[in-house]
Protein chains: 2
Amino acid sequence: MRTLIKNALIVPVDREDEHYFKGNILIENGKIIEVGKTDEKADEIVDASHMIAIPGLINTHTHLAMVLMRNYKDDMENLQAWLSQIFPIEDKLNGDDIYAASLLGASELIMSGCTTFADMYFNYDRTLDAARKVGIKAVLGLTIFGDEKETEKRLADAERNMNLHQGDPRYRFDLAPHAIYTCTKGTYEMVRDFAKEHNLFVHTHLSETKKEVEDSIKEFGMTPAVYLDSINLFDARCYVAHGVHLTDQEMEILKKKNVSVAHNPSSNAKLLSGTFPLKKAINIGLNVSLGTDGASSNNNLDMFEEMHVAAMIASASGYKVKAYDILKMATINGARALGYENERGSIEEGKDADIVLLNTDTPSFCPLNNPVSALVFSASSECVDTVLVNGKTVMKNRMLTGIDIKSVMDRLRMQWEDIKKR
Amino acid sequence: MRTLIKNALIVPVDREDEHYFKGNILIENGKIIEVGKTDEKADEIVDASHMIAIPGLINTHTHLAMVLMRNYKDDMENLQAWLSQIFPIEDKLNGDDIYAASLLGASELIMSGCTTFADMYFNYDRTLDAARKVGIKAVLGLTIFGDEKETEKRLADAERNMNLHQGDPRYRFDLAPHAIYTCTKGTYEMVRDFAKEHNLFVHTHLSETKKEVEDSIKEFGMTPAVYLDSINLFDARCYVAHGVHLTDQEMEILKKKNVSVAHNPSSNAKLLSGTFPLKKAINIGLNVSLGTDGASSNNNLDMFEEMHVAAMIASASGYKVKAYDILKMATINGARALGYENERGSIEEGKDADIVLLNTDTPSFCPLNNPVSALVFSASSECVDTVLVNGKTVMKNRMLTGIDIKSVMDRLRMQWEDIKKR
């Protein structure tokens, strides 16, 4: 099966900065096999003469099922106060809730041009089912909370379920110890060893709030990243979320240990956690990716909005961030964070055909003075017309192909009413 | 002609904070005549059972025609550097350019739920034509630059054109001296007197950058608002844009003189002008409205995005701004800024039927835990389904009724190509 995307304005996010050109993209068996003037015969031709083609966006930190708690109790003063409202609801959730919510979350991500997400939640098997149904790629973090005894159970569970995706390269399981304030040192050590033994990635929250840092210094005599480094967590392949309060020293450690930071600007702002020092991170050369966090602290899963908010918050703090740097965060840096830099994150020959086509016949792109600027500063998800994952069209004309969004929403509303009664 | 909007979830933005209820809205001759359980007979019934109804948004500071320069030279380090790129282009613009650009700008505003905008630009007569064509209400600032000699010409021009709108209450002309760094003291005095004589509002840029404040202190020995107060500009009815660097003393002056400040969060961020002290302004009780500024420094005219960015930037600075306060900025506070508080800005009996219906059958509103939160934190302009201005439907199912957006964009692209060749 060959697909030819014709006459697109391609922003490949490849090795050349700010690069874009008019061209075609030839796809075979889910892979990009040629980019440029290619005009080979294909089974399917996609006319992209009014489209910009960009690599599928990569959301490196979310909790998909938390769409359930969108706009719920969101007037809380900080992360701790908000979590105290959220945890009791989470205790009531079952697999069907998670599935219904993940269906909506996955749909919402595709609608904003996201083709891969890194999740961290319970009932990951049901989030996997939802991702398959919608046709989005996923890295599912097996969430771990608590002490070694609890962790033993969870890791046994992980061992049983690790091959639930049956080798489908679109899916992968990572280990996701929640945070240093919810997991013991022993837990992180067990996670480290298990991850190394089974060649798994570790996804954890890190340095999200000032309180976390203060408590870490009080309890361990070290800031959070120094603490995790002291127990050699980063011997396993890691990526961390937030990093709002990382010191220069900690950023240097993370860079040296090949640990990426998922920047979640909306969630950090909304929960008053502070502002991630993006300028410092980019100057140090840390790999910074982008995350929406859960919709309950965002309050949606819109990767275009997230790029925009990242740019606005950085600029408001006095840092003239480049649109292209933001676009990289949402694409190639995300691929690098998840270890997919050879397969995803850019439109280049040999990579997976995860491609987003944006309609340039929209006010945001009119006139089209600078496509990269337009993508970050003007465009919204409404411009996302078509999304391909491994060459398969999962959205066209803004309609999802795998699922009916109205029935997804109906299902979720019913489920949420039921949860509130429990 | 009577229209009945049925079964909407109404967020009226009336005197009661955080108020919303399910109800109907009865419209006659462009006015809201009843809100609530009313079920009178009507010529037209709008089924809004899956809709939220909010007052039409009010954009209190923009330069509509600058959509021409969207994403153009937007890598400049600050306002001054950027203006040095923009002014030479503006020198080349003619009335047809302004009309073509204003058509797109007006369309874009309607598509984001905006029903009134306050503009400041050249060839205001052509922006008026465009606003009429699209069906949006406008306050057109007659831009004034320079010294008294230049101002004399412009005011004569204003006197000639003041009734160009032929008494149509949807339109009004204001005087718009550009800024204290482009207009002389004599100019501001002439504007003050002319405005008082003809009962016109004055719309000016104020305290946008640190440089403006420093130069003001150097030249006049006073900060910008103190300077304008010293020449009694505020004896005329004024509203100012930006106010990024206002001191507490200046905010107190503005409050006392009934001067509103249009907050333009995206533009201020993008041009590294700084961050408007929203918390301080709200605490002092200043009337803060919202503006997109021109699309060339934003880079679009999306009022939902602007609300969102305002909330995110305030939160990132540590201020837990209420969603409802942001919604007020975009509605009733905007009406108050422009002197329309009795006619616009809320869904109340006796007011103009400027109403926006948002489709709640969209992920942003699913589940619908808190409509006000959802409007500010989750929703995007894509949720805006229907827009009424004075009871007339100017957009339905996201399609503009007065104009074909594709031909508007084609026209603008042609015009822009032509400008670049001049």
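Small disclaimer: the values here were computed from a predicted structure and weren't measured.

Okay, the overall build of chain A next. When you go through chain A residue by residue, the secondary structure sums to 15 helices and 17 strands. Computed over the C-alpha atoms, the radius of gyration of chain A is 21 Å, within 12% of the 22 Å expected from 2.2 N^0.38 for a compact globule of 422 residues. Taken over 422 residues, chain A has a buried fraction of 66%. Sequence-distant contacts, at least 24 apart, represent 73% of the contacts inside chain A between residues at least 6 apart. Surface exposure of chain A reaches about 14,400 Å², of which carbon and sulfur atoms provide 47%. Computed over 48 positive and 61 negative side-chain charges, the inter-centroid distance for chain A is 1 Å.

Right, let's talk about the interface of chain A and chain B for a bit. Listed by partner, the interface residues are 53 residues for chain A and 53 residues for chain B. Interface of chain A and chain B: buried area, both sides summed, is about 4,400 Å²; carbon and sulfur atoms make up 54% of it. The interface formed by chain A and chain B holds six salt bridges in total. For E382 of chain B, the salt bridge identified is with R398 of chain A, shortest N-O distance 2.5 Å. Linking chain A with chain B are 34 residue pairs in polar contact (both at pLDDT 80 or more). For the side of chain A that touches chain B, the secondary structure elements donating two or more residues are α2 (95–111), α9 (265–270), α11 (303–316), α14 (371–378) and α15 (405–421) of chain A.

Turning to the UniProt feature "domain: Amidohydrolase-related" (unreviewed entry) in chain A, a few remarks are in order. In the numbering used here, UniProt assigns the "domain: Amidohydrolase-related" (unreviewed entry) feature to residues 52–394 of chain A. Structurally, residues 52–394 of chain A is divided into 42% helix and 19% strand, and its ends, taken at the C-alpha atoms, are 17 Å apart.

Here we come to the pairing of strand β16 (residues 392–396) of chain A. All names here are of chain A. Note that strand β15 (residues 384–389) and β16 share three bridges and pair antiparallel. Residue pairing across strands places V389 opposite K392, the latter belonging to β16. Where β16 lies against strand β17 (residues 399–400), two bridges are found, and the strand directions are antiparallel. Counted as the bridge partner of M395 is L400 from β17.

Before going further, it helps to examine a negative patch on the surface. The grouping of E16, D17 and E18 of chain A together with D75 and E77 of chain B at the surface amounts to a negative patch. Here E16 of chain A is to be found in the loop between β1 (2–10) and β2 (21–28).

With that out of the way, let us pick up the state of the cysteines. By definition, a disulfide links two cysteine residues through a covalent bond between their sulfur atoms. All names here are of chain A. A full pass over the atoms with the stated rule returns zero disulfides over all chains. Residue C183 stays outside any disulfide, its sulfur separated by 13 Å from that of C238, the closest cysteine. A relative accessible area of 4% means that C183 is categorised as buried.

Rules and cut-offs
- Residues numbered from 1 in each chain as written.
- Chains lettered and ligands numbered in written order.
- Predicted model: local features only at pLDDT ≥ 70, side-chain atom pairs only at ≥ 80, totals over all residues.
- Heavy atoms only, no water.
- Helix = DSSP H or I, 4+ residues; strand = E, 2+ residues; numbered from the N terminus.
- Rg over C-alpha atoms; globule rule 2.2 N^0.38 Å.
- Buried < 20%, exposed > 50% of the residue type's maximum accessible area, 1.4 Å probe, protein only.
- Contact = heavy atoms within 4.5 Å.
- Areas by Shrake-Rupley, 256 points an atom, 1.4 Å probe, with all protein chains shown as cover.
- Lys, Arg positive; Asp, Glu negative; His and termini not counted.
- Charge placed at Lys NZ, Arg CZ, Asp CG, Glu CD.
- Buried area = accessible area lost by both parts, 1.4 Å probe.
- Salt bridge = Lys/Arg side-chain N within 4 Å of Asp/Glu carboxyl O.
- Polar contact = N/O pair within 3.5 Å; in protein donor to acceptor, adjacent residues only side chain to side chain.
- UniProt positions renumbered as here; feature names shortened; annotations may be inferred.
- Pairing = 2+ DSSP bridges.
- Patch = residues over 30% accessible without salt bridge, like charges linked within 9 Å, V, L, I, M, F, W, Y side chains within 5 Å.
- Disulfide = S-S within 2.5 Å.

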